[in-house]
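# An overview of the molecular structure
The lines below spell out each chain.
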Amino acid sequence: MKKYFILSLIFSSVFLQAQLLEKTALNISYRYTGRNVLQAGLEYRIGETYDGSIIVGPSLLYTRVNQSDKFIPEVNINFLRFGMMFGASANPYSLEPRIGFSLFNAIFLNTGYAFPIHKEKYFKGVTFGVQFNIAPKDSKFYDKMKLM
């Protein structure tokens with residue numbers, strides 16, 4: 001009996017992982033948040049419709065501070081509805097609410113404002129960015145184009 005339970009647990013975890021990966025994309029982006037920042041991370045889409053979905057994910061930011069390289073972890077959440085995007089990101093140095101738009105979930109163009117939350121104000125002020133999401137061709141991460 002234990003063998004069947006363990007075997008079914010293994011098969012279900014493989015099945016869930018396959019579903020998890022088909023809604024996941026790699027993100028590469030450039031942002032200006034008071035300084036130039038390169039970003040790389042993962043994005044996971046919750047929901048499959050153009051008229052409403054949520055995208056969450058962790059990222060790693062790279063920037064130069066005082067002639068030294070700085071790698072900073074970040075988490076973000078974006079709410080998408082009919083191509084419009086509302087979201088926020090948080091890292092140890094700032095909170096950044098943002099708005100923008102999405103082109104089929106492949107490209108995000110956004111702007112916002114970084115509120116510093118640390119005594120070292122690496123990120124502050126008006127921000128803008130462009131993000132490219134890379135997923136397999138038949139991924140459920142991208143929105144499908146609908147023709148009338």
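Residues numbered from 1 in each chain as written. Predicted model: local features only at pLDDT ≥ 70, side-chain atom pairs only at ≥ 80, totals over all residues. Heavy atoms only, no water.

## Section: the environment of Asn 105
- Topologically, Asn 105 is positioned in the loop between strand 6 (94-103) and strand 7 (107-116).
- Asn 105 sits in the buried class, given a relative accessible area of 1%.
- Along the backbone, Asn 105 and Gln 131 are 26 residues apart, and their C-alpha atoms lie at a distance of 9.7 Å. (Helix = DSSP H or I, 4+ residues; strand = E, 2+ residues; numbered from the N terminus. Buried < 20%, exposed > 50% of the residue type's maximum accessible area, 1.4 Å probe, protein only.)

## Things to note about the packing of aromatic side chains
- Counted under the stated rule, the structure contains three aromatic pairs.
- Seen from their ring centres, Tyr 62 and Phe 71 are 5.2 Å apart, and the 45° between their planes marks the pair as tilted.
- The interplanar angle of 55° and the centroid separation of 4.8 Å between the aromatic rings of Tyr 113 and Phe 115 together place this pair among those described as tilted.
- Given the relative accessible area of 37%, Tyr 113 is considered partly exposed.
- The partly exposed category is assigned to Phe 115, whose relative accessible area is 43%. (Phe/Tyr/Trp six-rings, centres within 6.5 Å; stacked < 30°, edge-to-face > 60°.)

## Some words on the pairing of strand 4 (residues 68-81)
- Bridge count for strand 3 (residues 52-65) against strand 4 is 13 bridges, and the pairing is antiparallel. The partner of Gly 57 across the bridge, within strand 4, is Asn 76.
- Between strand 3 and the antiparallel strand that follows it, strand 4, lie two residues; Asn 66 among them carries a positive phi value of about 50°.
- Looking at chain direction, strand 4 and strand 5 (residues 84-90) are connected through seven bridges and run antiparallel. Looking at the pairing, Phe 79 lines up with Phe 86 of strand 5.
- Between strand 4 and strand 5, which pair antiparallel and follow one another directly, the connecting turn spans two residues, one of which, Phe 82, has a positive phi of 55°. (Pairing = 2+ DSSP bridges.)

## Some remarks on the nonpolar core
- Counting residues in hydrophobic clusters, the biggest one holds eight residues: Val 37, Leu 61, Val 65, Ile 72, Tyr 93, Ala 114, Tyr 122 and Phe 123.
- Residues in contact with Phe 123, not counting those within four places in the same chain, are Thr 33, Arg 35, Val 37, Leu 61, Thr 63, Ile 72, Asn 91, Tyr 93, Ser 94, Ala 114 and Pro 116. (Core = buried A, V, L, I, M, F, W, Y, C linked by side-chain atoms within 4.5 Å. Contact = heavy atoms within 4.5 Å.)

As far as function goes, none of this settles anything; it's purely spatial.
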